[in-house]
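Architecture at a glance
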Amino acid sequence: MVKIAPRPHRSELLMPAGSLEKLKVAILYGADAVYLGTPDMSLRTKSSFTLEEVVEGVKFAHDHGKRAYLTLNLFSHNKDIEKLPLFIETIRAIQPDGVIIADPGIFNYVQQHAPDLELHISTQANVCSWLSVDFWQKLGASLCVLAREVTYEELIEIREKCPDIKLEAFVHGAMCMTYSGRCLLSNFMAERGANQGNCANSCRWHYKVHMKFRDGTVKELNLSDENMELFEFFLEEECRQGELMPIEEDDRGSYILNSKDLCLMPKLDDYLRIGVDSLKVEGRNKSAYYVAVTARAYRQAIDDWYRDPENWSPEVYMEELSTVPSRGYTFAFHEGRLANHAHNYEHTKTFADYEYAGYVEEITDRGVHVAVKNRLEAGDVLELLPPGSLQAILIRLYEFEDARTGRKSDVVNAGQKPVILIPWSLFDREDADKLRNQLCPQTIIRKEKSLTKAEWDRLKLDATAQRIELGTGSNDLYERQRDKLQQSIFEENGDRIPKTPRIGTSGCCGRGCNGCMIFWHDPIYEKARKLLAQKKQGEMFDRDMREEPA
């Protein structure tokens, strides 16, 4: 008898686990469930799990009252079949809460040889209709992961026509240019199979347009309405000079693109209201910082909606997600057909105005040991992100003490994997007992990141595109900002502009950070200090609260 699990009463938050470290971070920051796999028999070919770590990870999830799903979603070749008996035996010993499968043959094999396992249909199966969901349900599937291409209207109909099976939908993460990874571009360009979980993201590479003259000469030329009909067009990827690929284009455009990242936070209440059972976040190859911040934003948003759905609003959670590196956010197929705002044609970089600074490695009687992940300089403000809330604990450091040697310095580089000590005494604006209860090993730390003018202009353009998708933005403003971004890219000189007036040990961001000598002692911040007593730490003031000198 195939195991069929009942539908839950609340939607679960499902986070990616690309490694054992990220699995623990996901659980710590609020995931109800994680999905993970080993390279041999899943599409998680970039996961760094060993079999022992898979066992430890599933146990860690269960010990914390959470669920763990294992991926078995490869498309099998004959050579894979001989591995199945041992793999199934191993999975049964591990006792995951579900197995994610895409191949019908694998589904049938597992159903026959491990009927006690709950079977989930992978997004790689491209389930786009209620008819497909009904098909898999009748075969014994407990859950169907719907393709990213399913619109919200289609999702409503699927839920109505298939009320008894669990449905899972992507709400956040990277988008593929084809139906959930069914792409041969990566195979052709880099001999890395997208359908084997090893996509090289060739569609996002930087290409130049070349034109071939009648005499056979190939040149890079500027296009205009006057010369468009005179040439044949070719693409050249920047690291493959001389390899020219002809562009064939129809009335829908060419097929090389750079999709923005999916973010359905502004529509999350719709998904919760109709009863989508599992809300999935993509990103098994992303950093622990991505996992932590994304999980805590969606965890808080989901819990707040269940507490008070009528007054739920996405703004505060979107603010948190804006600190995570992305290609810009889009609703993708939520409304139906993709619009041009769902793509970034001018600037394809993944970034944010914050970066991963480090994580808490150990807590001792002396203070907090921090494993450094990016360069730190004297005057930097570190934002410690305690699990369980959206609050940040801010501390400004003027020197860094090596936790092992006690040596102090003005700069710390991440290359040697340093660990610094932040003494408890430096958290001079915190309740010591409360702080010790808030922080724990694996607590993630971020800091502001200076950006180039083009990057700041990209963020402004992304924000306008988001407002347009929400129905509140201006297309005229979008066009002007796009032109400005193109000009900034053309004039790029590498200079970086900070997010706040604080540069090194000079200036102050005005947020009342622990240890900031300027904020807590300069007379011009007297008014700000009084107001801060009535605000949460880290909350920005509505305007410049510095006192003008007499």
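Residues numbered from 1 in each chain as written. Predicted model: local features only at pLDDT ≥ 70, side-chain atom pairs only at ≥ 80, totals over all residues. Heavy atoms only, no water.

Quick look at the overall build of the chain now. On a plain count of helices and strands, the chain comes out with 16 helices and 26 strands. Taken across its 550 residues, the chain has 51% of its residues classed as buried. Here the contacts in the chain between residues at least 6 apart in sequence split such that 67% fall between residues at least 24 apart. Summed over its atoms, the accessible surface of the chain is roughly 26600 Å², and 49% of this surface lies on carbon and sulfur atoms. (Helix = DSSP H or I, 4+ residues; strand = E, 2+ residues; numbered from the N terminus. Buried < 20%, exposed > 50% of the residue type's maximum accessible area, 1.4 Å probe, protein only. Contact = heavy atoms within 4.5 Å. Areas by Shrake-Rupley, 256 points an atom, 1.4 Å probe, with all protein chains shown as cover.)

Either a parallel or an antiparallel arrangement is found when strands of a sheet pair, and the pairing is made through backbone hydrogen bonds. Spatial ordering of the open sheet is given by β19-β18-β24-β15-β16-β23-β20-β21, a layout of 8 strands whose pairing is antiparallel. Here the strands that pair on one side only, and so sit at the sheet edges, are β19 (393–396) and β21 (408–409). Of the strand pairs in this sheet, strand β20 (residues 400–402) and strand β23 (residues 419–423) are connected by 2 bridges, and their pairing is antiparallel. What sits directly across from Glu401, in β23, is Leu421. The strands touched by helix α10 (residues 288–307) within the sheet are β15 (354–363), β18 (381–385) and β24 (444–448), with β24 carrying the most contacts at an inclination of about 95°. (Pairing = 2+ DSSP bridges. Axes fitted to C-alpha atoms, helices over the stretch in contact; angles between N-to-C directions.)

A few words on the packing of helix α1 (residues 20–28) against helix α2 (residues 51–63). With their axes 10 Å apart at the nearest point, α1 and α2 run at an angle of 5° to one another. Classified by the interaxial angle, the pair formed by α1 and α2 is roughly parallel. Taking contact as the criterion, the partners of Leu20, Leu23, Lys24 and Ile27 in α1 are, on α2, Glu53, Glu56, Gly57, Phe60 and Ala61. Across the contact of α1 with α2, the residue classes tally to 5 nonpolar, 1 polar and 3 charged. (Parallel < 35°, antiparallel > 145°, perpendicular 65-115°, else oblique. Nonpolar A, V, L, I, M, F, W, Y, C, P; charged D, E, K, R; others polar.)

Positionally, Asp277 belongs in the loop between α9 (268–274) and β13 (278–281). Of the residues examined, Asp277 reaches a relative accessible area of 3% and is grouped as buried. Of note is the side chain of Asp277, whose polar atom sits 2.8 Å from the backbone nitrogen of Leu167. Setting aside its immediate chain neighbours within four residues, Asp277 contacts Arg7, Pro8, Arg10, Ser11, Glu12, Arg159, Ile165, Lys166 and Leu167. (Polar contact = N/O pair within 3.5 Å; in protein donor to acceptor, adjacent residues only side chain to side chain.)

Before going further, it helps to examine the state of the cysteines. In the structure shown here, the tally under the stated rule is 0 disulfides. Cys144 takes part in no disulfide bond, and the closest cysteine sulfur to it belongs to Cys162, at a distance of 8.0 Å. Classification of Cys162 as buried rests on a relative accessible area of 1%. (Disulfide = S-S within 2.5 Å.)

Time to look at the nonpolar core. The biggest cluster of nonpolar side chains holds 104 residues, and the ones touching the most others in it are Leu72, Met265, Leu268 and Ile444. Broken down by element, this core gets its largest block of residues, 12 residues, from α10. Beyond its immediate chain neighbours, meaning those up to four positions away, Ile444 contacts Val25, Tyr29, Ala288, Tyr289, Ala292, Tyr356, Gly358, Tyr359, Glu383, Leu384 and Leu385. (Core = buried A, V, L, I, M, F, W, Y, C linked by side-chain atoms within 4.5 Å.)

Let's shift gears to the side chain of Glu320. Of note, Glu320 is situated in helix α11 (residues 315–321). With residues up to four places along the chain from it excluded, the contact list for Glu320 reads Val293, Arg296, Ala297, Leu390 and Arg446.

A separate point is the packing of aromatic side chains. In total, this model carries 9 aromatic pairs according to the counting rule given. Each ring, one from Phe107 and one from Trp136, has its centre 5.2 Å from the other, and the planes form 65°; the classification is edge-to-face. Pair noted here: Phe107 is in helix α5 (residues 104–113) and Trp136 is in helix α6 (residues 130–139), with a separation of 29 residues, a long-range link. Relative accessible area serves as the criterion here: at 2%, Phe107 is assigned to the buried category. On the accessibility criterion, Trp136 (7% relative accessible area) is buried. Ring geometry for Trp305 against Tyr306: centres 5.1 Å apart, planes inclined by 80°, an arrangement best described as edge-to-face. Through successive ring pairs, a cluster of aromatic residues spans Phe107, Phe135 and Trp136. (Phe/Tyr/Trp six-rings, centres within 6.5 Å; stacked < 30°, edge-to-face > 60°.)

Now for α1. Restricting attention to buried positions, one finds in α1 the residues Leu20, Lys22, Leu23, Val25, Ala26 and Ile27. On its buried side, α1 packs onto β1 (12–16), β2 (33–36), α2, α10 and β24. A positive backbone phi angle near 115° is found at Gly30, which sits one or two residues after α1.

Another point: the pairing of β24. Counted residue by residue, β24 has 5 buried out of 5 residues, so it is predominantly covered. On β24, burial covers both faces: Ile444, Arg446 and Glu448 on one face and Ile445 and Lys447 on the other are all buried. Taken together, the 5 bridges between β15 and β24 define a ladder with antiparallel strand orientation. Bridge pairing in β24 links Tyr356 to Arg446. Taken together, the 3 bridges between β18 and β24 define a ladder with antiparallel strand orientation.

For α2, built from 13 residues, the straight-helix expectation of 18 Å at 1.5 Å per residue is met to within 8% by its first-to-last C-alpha distance of 18 Å. When we look at burial in α2, the residues that qualify are Val54, Gly57, Val58 and Ala61. Angular distribution of buried residues about the axis of α2 spans 95°; they occupy a single face of the element. Counted as exposed and oriented over 90 degrees from the buried face of α2: Glu52, Lys59 and Asp63. As for α2, its buried residues are in contact with α1, β2, β3 (67–71) and α4 (84–94). Two residues or fewer past α2, Gly65 is found with a positive phi of approximately 70°. (Expected span 1.5 Å × (residues − 1). Arc of directions from axis to C-beta.)

Before going further, it helps to examine unusual backbone geometry. The backbone of Gln95 sits at a positive phi, close to 60°, despite the residue not being glycine. Even without being a glycine, Asn126 presents a positive backbone phi close to 55°.

On the secondary structure map, Asp428 appears in the loop between β23 and α12 (432–438). Taking C-alpha positions, Asp428 is 9.7 Å from Cys516, a pair spaced 88 residues apart along the chain. Look past the residues within four positions of Asp428 in its chain and what remains in contact with it is Asn514 and Gly515. There is a polar contact of 3.1 Å between the side chain of Asp428 and the backbone nitrogen of Gly515.

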